[in-house]
Amino acid sequence: MSFATMIRAPSLMSLMKSNRVHHVRRIGNVRNFAVRGGDKIGKPKTLTNFPLLPLRIVEHPRTVAFLPILGHAAYLSLAGGFLCTDVLSLRIILVCGYSGLVVFHALHPSPLRIPLRWTTFFVLVNAGMATILILDMIPPTLTEEEEELHIDHFAPLTRKQFKTLLDLGRREIFTDGTELTHEDKPSHELFFILDGAVDMTHGGVFTSRLRRGGFPNWMSFQRTGWDPEIDMPNSYGTISCTGEVNCIVWDRDDLKTVLVDDDMRQRMNHVVTESLIRRLLHTPDSARVQD
């Protein structure tokens, strides 16, 4: 090979440089093709790999420096949820953690759509459940009469439980001589005396008198454990109204909707027990008090 031929032949360095330039041009063409959104036959293509926020925000140096901190804080918040024993606190922590992840994904130049959408869904679910829990904790508004009734006779129940129980019942006024229960017959209604008095007889013999605040036939309900599926036992005696009597009356089937909760059932047992104690204190011959 002559010296002139060697000069005209391309050197190894020039070939490598030429290939590198060609490779860079190919990458640029692919990017331009993706941005233009077209292919060889002119069909439009959808480009989903684009930022959700303006580039001046996404590419800002402070945003880039803040992203790792935000990501770690969000995952630490979610990890803290594993240590929570309170349901409301857990929901609030999850809302904070997943909200941080939503912002974390949204600030990326090319955010992943599937994690972003599911994280947003988790924020909505936990925020909704937290709202329900907060509303459930807000005590209901009671009238002055209901407030007095709750304090004097239904104190073991929470205000919400008392309001729920009160709304289930109906108020009835019974005339003189009306029988609320009949001896040796089951009663499927629970009575609470608001005003007036009732007399209990067994075998035609007077046994006791009940006034405001008494549950005349509570023992029959308590014997069944407040379970509507168990047959109601027969009443011990006949309970008759002495004069006009104003009562709250609950159907057994209606009570089932609230007394399925163990806490509510236990509190209701405390209510009737306190009623019995008050009844014994106001009955001279307390040993004869029975249902």
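The structure displayed is predicted, hence computed values, not measured ones. (Residues numbered from 1 in each chain as written. Predicted model: local features only at pLDDT ≥ 70, side-chain atom pairs only at ≥ 80, totals over all residues. Heavy atoms only, no water.)

## Quick look at the packing of aromatic side chains
Here is step 1 of the chain: Taken as a whole, this structure holds 10 aromatic pairs when the rule is applied.
Here is step 2 of the chain: Ring centres of Tyr98 and Phe122 lie 5.1 Å apart, and the angle between their planes is 50°; on these two criteria the pair is classed as tilted. Placement of Tyr98 in helix H5 (residues 87-106) and of Phe122 in helix H6 (residues 113-137) is noted, with a sequence separation of 24 residues between them.
Here is step 3 of the chain: Considering the side-chain rings of Trp118 and Phe122, the 6.0 Å spacing of their centres and the 40° angle between planes classify their relative orientation as tilted. With Trp118 and Phe122 both in helix H6 and four residues apart, this pair spans about one turn of that helix.
Here is step 4 of the chain: Judged by its relative accessible area of 31%, Phe122 is partly exposed. (Phe/Tyr/Trp six-rings, centres within 6.5 Å; stacked < 30°, edge-to-face > 60°. Helix = DSSP H or I, 4+ residues; strand = E, 2+ residues; numbered from the N terminus. Buried < 20%, exposed > 50% of the residue type's maximum accessible area, 1.4 Å probe, protein only.)

## What to know about H6
Here is step 1 of the chain: Over its 25 residues, H6 extends 36 Å from the first C-alpha to the last, a length consistent with the 36 Å expected when each residue adds 1.5 Å.
Here is step 2 of the chain: Here H6 has its buried residues at Arg113, Leu116, Thr119, Val123, Asn126 and Ala130.
Here is step 3 of the chain: Residues of H6 that are buried in the fold lie against H5. (Expected span 1.5 Å × (residues − 1). Contact = heavy atoms within 4.5 Å.)

## Side note on the side chain of Glu183
Here is step 1 of the chain: Note on placement: Glu183 falls in the loop between strand E2 (179-181) and strand E3 (189-202).
Here is step 2 of the chain: One buried charge, Glu183, has no salt-bridge partner; the nearest side chain with opposite charge is Lys185, at 11 Å.
Here is step 3 of the chain: Only 3.3 Å separates the side chain of Glu183 from the side chain of His202, close enough to count as a polar contact.
Here is step 4 of the chain: Beyond its immediate stretch of four places on either side in the chain, Glu183 contacts Thr201, His202, Gly203, Gly204, Ser235, Tyr236, Gly237 and Thr238. (Lys, Arg positive; Asp, Glu negative; His and termini not counted. Salt bridge = Lys/Arg side-chain N within 4 Å of Asp/Glu carboxyl O. Polar contact = N/O pair within 3.5 Å; in protein donor to acceptor, adjacent residues only side chain to side chain.)

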